[in-house]
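What follows is each chain in one-letter form.
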Amino acid sequence: MRWSQAFIPTLREDPAEAEAASHRLLTRGGFIRQLSAGHYSMLPLGQRVRARIGRIIRREMDAIGGQQFHLPALIPGELWKRSGRWDLVGEELFRLVDRKAADFVLGFTHEEVFAHLATEVPSYRDLPQIWYQIQTKFRDEPRPKGGVLRVREFTMKDSYSLDVDTAGLDAAFDLHHGAYRRIFGAIGLEAIDVEASSGAMGGTKSVEFVVRSPAGEDWIVTCPKCDYRANLERAVSAPSPIRDPAGEAKLERFPTPGIKTIAALAESFPNDAPPERQIKTLVYLLDGALTLVLVRGDHELLEQKLVDATGAANLRPATAAEIRSALGADPGSLGAVNVTGYQIIADNELSGRSHLVTGANQDDFHYRGVDVGRDIAVGKWASLRTTKAGEPCIRCGSSIEIWKGIEVGHIFKLGTKYSKVMGALVQDDDGQSHPIVMGSYGIGLERAMAAVVEANHDERGIIWPPSIAPYQVVLTVLRVDDPDTMSAGERLYANLLDRGVDVILDDRDERPGVKFADAELIGIPYRVTIGPKGLRAGKAELTTRRGLSTEEVELGALGSRLAELLS
RNA sequence: CGGGAUGUGGCGCAGCUUGGUAGCGCACCUGCUUUGGGAGCAGGGGGUCGCCGGUUCAAAUCCGGCCAUCCCGACCA
């Protein structure tokens, strides 16, 4: 490619709206342009990078036996109604209606369609299968942000494994796990795998690949000493040792006029009611059912854990009016002691505790001497609280760390949720029909591209890893009006093309500073500079983008030197 | 959905308080000079001032409504 003929609209100044480094640099470098909130055009440079990422993904997916498909993005609503996701997903799903008034959705992911196709797999002998595609996905995100980090329309590699049984699923899951490690390694991302919540996807297990970055939106818990690592939504820490007073607790109601908060109660009754000896009672509606949710006074509920523990599709805090009508008191005096008729779910760390304090469901009164096992009819125990930095690791007791990461991939063990409803069954050797056991696996291509930029840039611009750079080498001719220099540049350009080097020839009639600044902004890994001075000595300069170190190389040796660097 | 901010040539911004000829830098076009780190001089082209309505002799500017975009939060596979 000749730069003089390329459409590479670089900007000298940062776009006003861009905050995240990847958003700023990809826009300035002429890789992407925003069309509307959450929708971006890929300009030629952006398209090249995304295509390279796609190529690496295809290579690794094919290597584990994946077969590439391409499904419609526009899917009959019927399939989504059958899977239940028509109702489950809500506003995040783009829905439309055709001229015959039939419902359609824009694909969010493609479990339904692939499971539908899987009905044509006739026998267990045809399994396992790994099916994948690289295709546009649509999600009506409430708040797109960070350039292409979080968008409403994006490209995803989504794959689906089909197996006879869970042992087969485990194997397919492990294959993907390995392929994902190789993919992220190849595109230059230090992605680490963490235990994650499956969310509305359902299924038994999921692992998320995250890249550490302040621009990320996932909170990740890791232990510096052992290999424990999990998304905050899944993370647990070792319970802190708390000794309740010995002896049987005597349940007793006592007046607490005007006290509405854990902190106020602790202040007024420092001996009876320090926060870790209180029970915080929260009231939620889980799919319409009023539920009491209990955590320790100094702990915070993590709503996703409540969703995961109960399988609820819809969850919201109860209103003050709903609470008063159910329990007879206002928030501030709520408790679960002797409450019946509502489901009660409690955090594991309340298990076995006694001599605790909680609201009495009567304004301005609390109970003390609460014994959880004796006084509260807990229907379900689960980890519900938010883990905090510095708490002891569940495995080794070291102080855990919490940091922000970008989710670049997520792999799920789905089970039979979709195959059952779509009727994707195979017969076993006894002639019995079984639903196919499925997994699903996703990588967001533009997000991966942005994550690479977040992790690889400096004040001058992007530093692409050679594997996904839009061009591997930029050949910068300093004096295009000087016939000797230009023809030397042309010869070298032809020579590099012959060697299969992906090179762009900067033949623009621009001043050197402009050319250098652009090359550094768009992040081409290697720059060869040809100018009249060096040419007289038969040399060119070779500059490495990362670190901007420069070496002088004989013209004749450049091809082999670059081949060496790029191998 | 709640809070905050911003909408003026392709990009970055001033002008709005106090209503009266739409302006600056970059980019772009032409010419000359210049050429190893974002050149200089001269000339030139390009804007429904987000949209709708109102006030006024007169609105980028004042008032009302709406829309869009960004940031924080809620939410989020």
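Residues numbered from 1 in each chain as written. Chains lettered and ligands numbered in written order. Predicted model: local features only at pLDDT ≥ 70, side-chain atom pairs only at ≥ 80, totals over all residues. Heavy atoms only, no water.

## Comments concerning the overall build of chain A
Per the secondary structure count, chain A includes 16 helices and 31 strands. Taken along its principal axes, the extent of the C-alpha atoms in chain A is 100 × 65 × 50 Å. Classification of the 567 residues of chain A by burial places 52% in the buried group. Taking contacts inside chain A between residues at least 6 apart in sequence as the whole, the part at least 24 apart equals 69%. Looking at chain A as shown, the accessible area adds up to about 25100 Å², and 49% of this sits on carbon and sulfur atoms. Of the charged side chains in chain A, 68 are positive and 78 negative, and the gap between their average positions amounts to 2 Å. (Helix = DSSP H or I, 4+ residues; strand = E, 2+ residues; numbered from the N terminus. Buried < 20%, exposed > 50% of the residue type's maximum accessible area, 1.4 Å probe, protein only. Contact = heavy atoms within 4.5 Å. Areas by Shrake-Rupley, 256 points an atom, 1.4 Å probe, with all protein chains shown as cover. Lys, Arg positive; Asp, Glu negative; His and termini not counted. Charge placed at Lys NZ, Arg CZ, Asp CG, Glu CD.)

## Re the protein's contact with RNA strand B
Taken together, 43 residues lie near RNA strand B, and Arg12, Glu17, Arg85, Arg150 and Glu541 sit nearest. The side chain of Glu92 places a nitrogen or oxygen atom 2.9 Å from a sugar or linking oxygen of RNA strand B. Breaking the surface near RNA strand B down by element, the ones donating at least two residues are β1 (32–36), α4 (85–89), β21 (401–415), α14 (512–522) and α15 (532–536). It is α14 that provides the largest number of residues to the surface near RNA strand B, a total of seven residues. (Near = heavy atom within 4 Å. Polar contact = N/O pair within 3.5 Å; in protein donor to acceptor, adjacent residues only side chain to side chain.)

## Digging into the domain arrangement of chain A
Domain boundaries assigned for chain A yield domain 1 (18–73 + 107–235 + 402–453), domain 2 (252–382) and domain 3 (473–566). Domain 2 and domain 3 are separated by 69 Å when their C-alpha centres are compared. (Domains from an automatic or database assignment.)

## Quick notes on the nonpolar core
Nonpolar side chains tend toward joint burial in soluble globular proteins. In this structure, Leu26, Phe31, Phe184, Leu189, Val408 and Trp464 are the most contacted members of the largest nonpolar core, which totals 61 residues. Each of domain 1 (18–73 + 107–235 + 402–453) and domain 3 (473–566) contributes no fewer than three residues to this core. When sequence neighbours within four positions are dropped, the list of residues in contact with Trp464 reads Leu26, Phe31, Val49, Met449, Val452, Val453, Ala469, Pro470, Ile522, Gly523 and Pro525. Trp80, Val105, Ala118 and Ala424 belong to the second largest nonpolar core, which has 26 residues in total. (Core = buried A, V, L, I, M, F, W, Y, C linked by side-chain atoms within 4.5 Å.)

## Considering the packing of aromatic side chains
In this structure the tally under the stated criterion is 12 aromatic pairs. With a centroid separation of 6.3 Å and 50 degrees between ring planes, the pair formed by Phe173 and Tyr441 is classed as tilted. Placement of Phe173 in helix α6 (residues 166–186) and of Tyr441 in strand β24 (residues 437–444) is noted, with a sequence separation of 268 residues between them. Its relative accessible area of 2% is what places Tyr441 among the buried residues. Arranged with centres 6.0 Å apart and planes meeting at 85 degrees, the rings of Tyr180 and Phe184 form a pair that is edge-to-face. Pair noted here: Tyr180 and Phe184 are both in helix α6, with a separation of four residues, about one helical turn. Across this residue pair, the class does not change: Tyr180 and Phe184 are buried. Over the ring of Trp86 we find Lys81, and its NZ or CZ is 4.7 Å from the ring centre. Lying over the aromatic face of Phe254, Arg368 brings its terminal NZ or CZ to 4.1 Å of the ring centre. (Phe/Tyr/Trp six-rings, centres within 6.5 Å; stacked < 30°, edge-to-face > 60°. Lys NZ or Arg CZ within 6 Å of the ring centre and 35° of its normal.)

## Topic: the pairing of strand β10 (residues 205–212)
Of all eight residues in β10, six are buried, a share of seventy percent or more. Where strand β9 (residues 191–195) and β10 come together, five bridges link them in antiparallel fashion. Looking at the pairing, Ile192 lines up with Val210 of β10. The pairing of β10 with β21 spans eight bridges and is antiparallel. Considered in β21, the bridge of Phe209 is made with Gly409. (Pairing = 2+ DSSP bridges.)

## Here's the deal with the sheet that holds strand β16 (residues 315–317)
Pairing is mixed across the open sheet formed by five strands, whose spatial order is β16-β14-β15-β17-β20. One side of each edge strand has no neighbouring strand; the edge strands of this open sheet are β16 and β20 (380–382). The mean angle between the axes of side-by-side strands here comes to 30 degrees, regardless of whether they run parallel or antiparallel. (Axes fitted to C-alpha atoms, helices over the stretch in contact; angles between N-to-C directions.)

## Re the packing of helix α1 (residues 21–28) against helix α12 (residues 445–455)
Put simply, α1 and α12 touch, their axes get as near as 8 Å, and they point 100 degrees apart. It follows from the interaxial angle that α1 and α12 lie roughly perpendicular. Of the residues in α12, those touching α1 at Ala21, Ser22, Leu25 and Leu26 are Met449, Ala450, Val453 and Glu454. Of the residues contributing to the contact of α1 with α12, the split by class is six nonpolar, one polar and one charged. (Parallel < 35°, antiparallel > 145°, perpendicular 65-115°, else oblique. Nonpolar A, V, L, I, M, F, W, Y, C, P; charged D, E, K, R; others polar.)

## Considerations on helix α16 (residues 558–566)
Listed in full, the buried residues belonging to α16 are Leu558, Gly559 and Leu562. Angular distribution of buried residues about the axis of α16 spans 100 degrees; they occupy a single face of the element. Looking at the packing, one finds that the buried side of α16 touches β27 (473–477), α13 (483–498), β29 (526–530), β30 (539–544) and β31 (549–554). (Arc of directions from axis to C-beta.)

## Notes on unusual backbone geometry
Here the residue pair Leu127 and Pro128 is connected by a cis peptide bond, since its omega of 0 degrees sits within 30 degrees of zero. Among the structural elements, Pro128 can be located in the loop between α5 (111–117) and β7 (129–138). The phi dihedral of Asp287 is positive, around 50 degrees, even though this residue is not glycine. Examined against the element boundaries, Asp287 turns out to sit in the loop between β14 (279–286) and β15 (289–296). The phi dihedral of Asn361 is positive, around 55 degrees, even though this residue is not glycine.

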